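As a plain string of letters, each chain reads:
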Amino acid sequence: VDMSPEDNQWFSDGISDNILTYLSQIKELSVISFTSSSTYMNTDKKIPEIAKELGVSYILEGSITVYEDKIKINTQLINANDEHVWSEDYIVAFDDVIKIQQNISEQIVKELEITLNQEEEIAIKKYPTQNMEAYQLVIKGRSIASSRNSKDLVKSIELYEKAAKLDTNYAEAYAELAQSHFLLINRR
């Protein structure tokens, strides 16, 4: 959930999606998609009910507040019985946001007592880009593209192209660019 003074839900959604992506690379975990889990963002349902509907043992909750050049991330890992397993608050500079997502993912793995293999350890520590402007453009592009309408897909393509120019090695920018082109072509 975005708790920022200005609307930054797109950023919060991007952070959530990235943490899910990190966790989904761990073979011992079955991670529900952001699309499915985000439907519970503004619900009055209790954790046990959500866990039952999703068929999960744990729920990761969080809030993000963006202010000036800082980000506050609050995370909570809660089991299906509505008991807190772990929680942490982070206040970081924007440039550290990828590292914090990795730290959150690593802490969840630790709390769930999962041993990572070498491939998983590499995946969870991999930086998609060192360019924070490119990173932000990709997150914003994903949020815009999620509507799947033609106008938004065109806008997302512009953002992904800018990101790819800022970091020509940023694979996610190219992957998202291809996805938006594919969706746009298939709408016609």
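Note: the structure precedes this text.
Let's talk about the nonpolar core
Then step 1. Residues Phe11, Ile71, Val97, Ile104 and Tyr135 are the most contacted members of the largest nonpolar core, which totals 43 residues.
Then step 2. Put simply, the parts of the chain that give this core at least two residues each are α1 (9-24), β2 (70-79), β3 (84-93), α4 (97-111), α6 (132-145), α7 (150-166) and α8 (171-187).
Then step 3. Contact partners of Val97, with chain neighbours within four places excluded, come to Phe11, Ile15, Ile71, Met132 and Tyr135.
Then step 4. In terms of nonpolar packing, the next biggest core, distinct from the first, is built from eight residues, Ile47, Ile50, Ile59 and Ile78 among them.

Things to note about the pattern of salt bridges
Then step 1. Summed over all chains, the structure comprises seven salt bridges.
Then step 2. Put simply, Arg142 and Asp17 hold a salt bridge, and the shortest N to O gap is 3.8 Å. Remark: Asp17 occurs in helix α1 and Arg142 occurs in helix α6; sequence separation between them is 125 residues.
Then step 3. With a closest N to O distance of 2.9 Å, Glu53 and Lys45 form a salt bridge.

Here's the deal with the pairing of strand β1 (residues 58-67)
Then step 1. Bridge analysis of β1 against β2 gives 10 bridges, and the strand direction is antiparallel. Across the sheet, Val66 pairs through a bridge with Ile71, a residue of β2.
Then step 2. Following β1, the chain reverses through two residues before pairing antiparallel with β2; Glu68 in that reversal takes a positive phi of roughly 50°.

Here is what the cut-offs are and how they apply
- Residues numbered from 1 in each chain as written.
- Predicted model: local features only at pLDDT ≥ 70, side-chain atom pairs only at ≥ 80, totals over all residues.
- Heavy atoms only, no water.
- Core = buried A, V, L, I, M, F, W, Y, C linked by side-chain atoms within 4.5 Å.
- Buried < 20%, exposed > 50% of the residue type's maximum accessible area, 1.4 Å probe, protein only.
- Helix = DSSP H or I, 4+ residues; strand = E, 2+ residues; numbered from the N terminus.
- Contact = heavy atoms within 4.5 Å.
- Salt bridge = Lys/Arg side-chain N within 4 Å of Asp/Glu carboxyl O.
- Pairing = 2+ DSSP bridges.

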